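Residue strings, one per chain:
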There are 2 protein chains.
Amino acid sequence: MDKEVTIYDIAKILEISPATVSRALNDHPAINSKTKLLIGQKASELGYRSNTFASNLRRRSTNTLGVIVPRLNSHFMSAVLAGMEEEANDSGYNLLISQSLESVKKEIANAKTMFNSRVDGLLASVAYDTDTFEHFENFIKKGVPILFFDRIIDHPACSGVVIDNELAGFDATSHLINQGCKRIMHVTGNLKRNVYSGRLKGYQNALVQNGLPLQDDLVMVTDLSQEAGKLVAQKIDEMESKPDGIFISNDICAVSCMKSLKEKGYVIPDDIAVVGFNNDPVSQVIEPNLTTVYYPGQQMGEVAIRSLVNHLKGIQHIDTSKTIVLQSELFVRSSSLKNG
Amino acid sequence: MDKEVTIYDIAKILEISPATVSRALNDHPAINSKTKLLIGQKASELGYRSNTFASNLRRRSTNTLGVIVPRLNSHFMSAVLAGMEEEANDSGYNLLISQSLESVKKEIANAKTMFNSRVDGLLASVAYDTDTFEHFENFIKKGVPILFFDRIIDHPACSGVVIDNELAGFDATSHLINQGCKRIMHVTGNLKRNVYSGRLKGYQNALVQNGLPLQDDLVMVTDLSQEAGKLVAQKIDEMESKPDGIFISNDICAVSCMKSLKEKGYVIPDDIAVVGFNNDPVSQVIEPNLTTVYYPGQQMGEVAIRSLVNHLKGIQHIDTSKTIVLQSELFVRSSSLKNG
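- The name that an unreviewed UniProt entry assigns to chain A is LacI family DNA-binding transcriptional regulator, with the source organism given as Dyadobacter subterraneus.

Here it is in C-alpha cells:
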C-alpha cells in the first residue's frame, strides 16, 4: 500500500493552502463550489481518506451510527433495520451494523469495533447471555449516547424503546383462555432478556386471573429456533396430559411446531390452539394461518433513530429516566379459533 | 465530550514510558502479561480509544472487514452473513455490515463510510441499479482488496464468488418441461444483475433445446417482492392463454404468487406447476411444498471471507482472473410434480 495521502499533498499539487483544502473537504460555506469540486476531484483521484481521528477532534462527528443486533435472520429485525435506515438517511446519518450471534463475547468485540470506528451514537439489542454493561461503559464515558431497543438493559445513562411484553403475553394467553383452553403451554427464550421474562409474566398473570393453575412443566425455555419447534411438538406428543393451547414467543418456532404437530396427526386448532409472536410473513403461509402478536419493528427502528439523532443534534435530549413503549397488537387468525 | 485520551496520558498516570504503553496495547510479546493487564485496565478506565488512523499508518490493519449487501431481509442473505461471521471470527476479524436498500446512491454512501472506517477488505453484493464501479475505485487505489459475491461486477482488479445461475435456470426450466409443461412463464428481477440475466438465459436455453418458442409476454421483470407475486397471479388470471408452468427467481415472490393463485381457485401443480429459487424455509411451509433451487448461502459467505483473509494474511493471493463458482441444486417438491 502507498503512503496515506494528506490534505498537504492535495494542497501542494493544486498550489492552494491546506486550510482551503480542509475547508473544501468539510463543505465549508466560505469556499465556492467550483473550488470544492476541483479539490473533491483531486482528493478522490489521489485516494484521499478523511482523517477520521483528527476530524473527530475538530468536528467530533462521523455521521455514523452503530447498531448491534443479536441476529440478522428474522423478519422483525429486518423491519427494525429498514425503519432505522429510512430515518437515518433522512437525517444524513449512515448505519454500521454488526451481529452478536447471541453471544456476549462477540457483542463485546462488536462494541469495541464500533467504539474504535467512532460512531456518533450506538443502538443495541442485547444477546441472550449478556449480563454485563461493562463493554458499553466506554461510550458513556466519552458522551456517546446509547439507546437500547427491544432487548434492553436497564441503566441510568441509557434510554430504551420496547413494546409492553407483559401486556402482549397477557393478551395472547387471555385469548386462548377465551377460546376455552384450560391447559396452556408456553414456549419462551432466555429469561435474562426482558422480552421473554415479560411475556412469561403476562402468561402467568392471565392464568392466575382466570383461576387456572401455574404448572412448571407447561413452560419450556428454548432458543426459539425451527429445531426447538420440532422438539416442542415431540414433547407434546410424549405428554400424558396434553395441552389444549400453546403460546410460543416466536413465529418461526411456532410454525415449525405446527408443521410437526400436523405431521403427527394433530388438528389445529381443534386439538391444540396455537398463538405465535412477531407477525412474521410465514404466519400467513402456514395453514391454518397463525394467530400472532404484531410487533411494530419498522416503527421501533424509526423511533430509536429519531430519539438518538434529535439528541445528537441538540433538538431534544433523551430522557434516560423514561423508556419509550410502542403498542403491539394481537392478530387473531384460524390457528387459535376453536369457536370459529 | 472530554478531550481524547492518549497513550501519553496513560503513561503519565502509570509512570511508565509511552512506548511501553503502546506496545502493551498492541499486544507486543516483549511486554509481560501483568504489565499488559495493568495498562489495559487503565486504558479502559480512562476510556482510551485506539487511534485508528495512526495505528493504521503503523500496522495498516483494523482487523475489520466491511460487507455491503442489497438488503438484510432474506434467509439467503442471513445465511451468507452467518457463514461470513463464523469464518471471520475464526480468523480474528470483525464484520461491519451496511445495506444499500437496492439503491446505488446509498451504496456509494456505504462505500464511503467503509473506506473512512479503514476496513482491511471489502465484500459487496451490488444493488439492483448499480452501473458504476467508481465508488469502489478508492479501495483499489489503496490496495484494499474487494471481493464481490452473488451479485458481482466484472472488474480486472476484483474476484467474485457466485453460483452458475445460467445452469440453475436451465435445470429449473428443464424440470418443468420434463413434467410436461409447454407454456412456461419466467418471473425475474433487474436484468442488469448477473444473477437474474443468467437465470433468464438458462430458461431460454432450455426452451430452445426442447423446441419450445421464446415468448416475450411470458417473461416478467419485477422486484421479486411479495407484492410482485400477487401481481403475477393476477396477470395469469387475466391471460387468455395461461401458462402451465412458472419459474420464479425468488421463493418469497413464488410463495406469495402460489398463495394468490390458490385463492383464485387454481390447483398447484395440476393447473400450474411452480418452481422458485433460494430454498427459503417458507418453501417448506407453503402447501404444496415448493420446488426450488438450493443456494449455498452459508458456504458462499465462508468462501468469500476465507479468500479475502488468506489474501490479507499473505497465505494465498486472490486470483482476480478467476471467479469462484459454487454448486447449486434443484430440490424437487410437490409444487411441480405433475406426474407425482
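A word on the nonpolar core
(1) Moving on: M84, L123 and F149 of chain A together with M84, L123 and F149 of chain B are the most contacted members of the largest nonpolar core, which totals 145 residues.
(2) Moving on: Setting aside residues up to four positions removed in sequence, M84 of chain B forms contacts with V67, L95, L123, F149, G301, E302, A304 and I305 of chain B.
(3) Moving on: Judged by nonpolar contacts, the second largest core, of 38 residues, contains V126 and V144 of chain A together with A124 and V126 of chain B.

As for the sheet that holds strand β8 (residues 245–248) of chain A
Residues and elements named next belong to chain A.
(1) Moving on: Spatial ordering of the open sheet is given by β7-β6-β8-β9, a layout of four strands whose pairing is parallel. Each end of this open sheet is capped by a strand with a single partner; those strands are β7 (219–221) and β9 (273–275). Geometrically, the sheet is characterised by an average inter-axis angle of 15° between neighbouring strands, direction not taken into account.
(2) Moving on: Sheet analysis places β8 next to β9, joined by three bridges and oriented parallel. Note on β9: the bridge partner recorded for I246 is V274.
(3) Moving on: Its contacts with the sheet place helix α11 (residues 251–263) against β6 (184–188), β8 and β9, and it is angled at close to 145° to β8.

Brief notes about the environment of A168 of chain B
All names here are of chain B.
(1) Moving on: Tracing the chain through its elements places A168 in helix α8 (residues 165–178).
(2) Moving on: Residue classification places A168 among the buried residues on the basis of a relative accessible area of 4%.
(3) Moving on: The spatial distance from the C-alpha of A168 to the C-alpha of Y203 is 8.8 Å, given a sequence separation of 35 residues.
(4) Moving on: Apart from residues no more than four positions distant in its own chain, A168 is found in contact with F277, V293 and S328.

What counts as what
Residues numbered from 1 in each chain as written. Chains lettered and ligands numbered in written order. Predicted model: local features only at pLDDT ≥ 70, side-chain atom pairs only at ≥ 80, totals over all residues. Heavy atoms only, no water. Core = buried A, V, L, I, M, F, W, Y, C linked by side-chain atoms within 4.5 Å. Buried < 20%, exposed > 50% of the residue type's maximum accessible area, 1.4 Å probe, protein only. Contact = heavy atoms within 4.5 Å. Pairing = 2+ DSSP bridges. Helix = DSSP H or I, 4+ residues; strand = E, 2+ residues; numbered from the N terminus. Axes fitted to C-alpha atoms, helices over the stretch in contact; angles between N-to-C directions.

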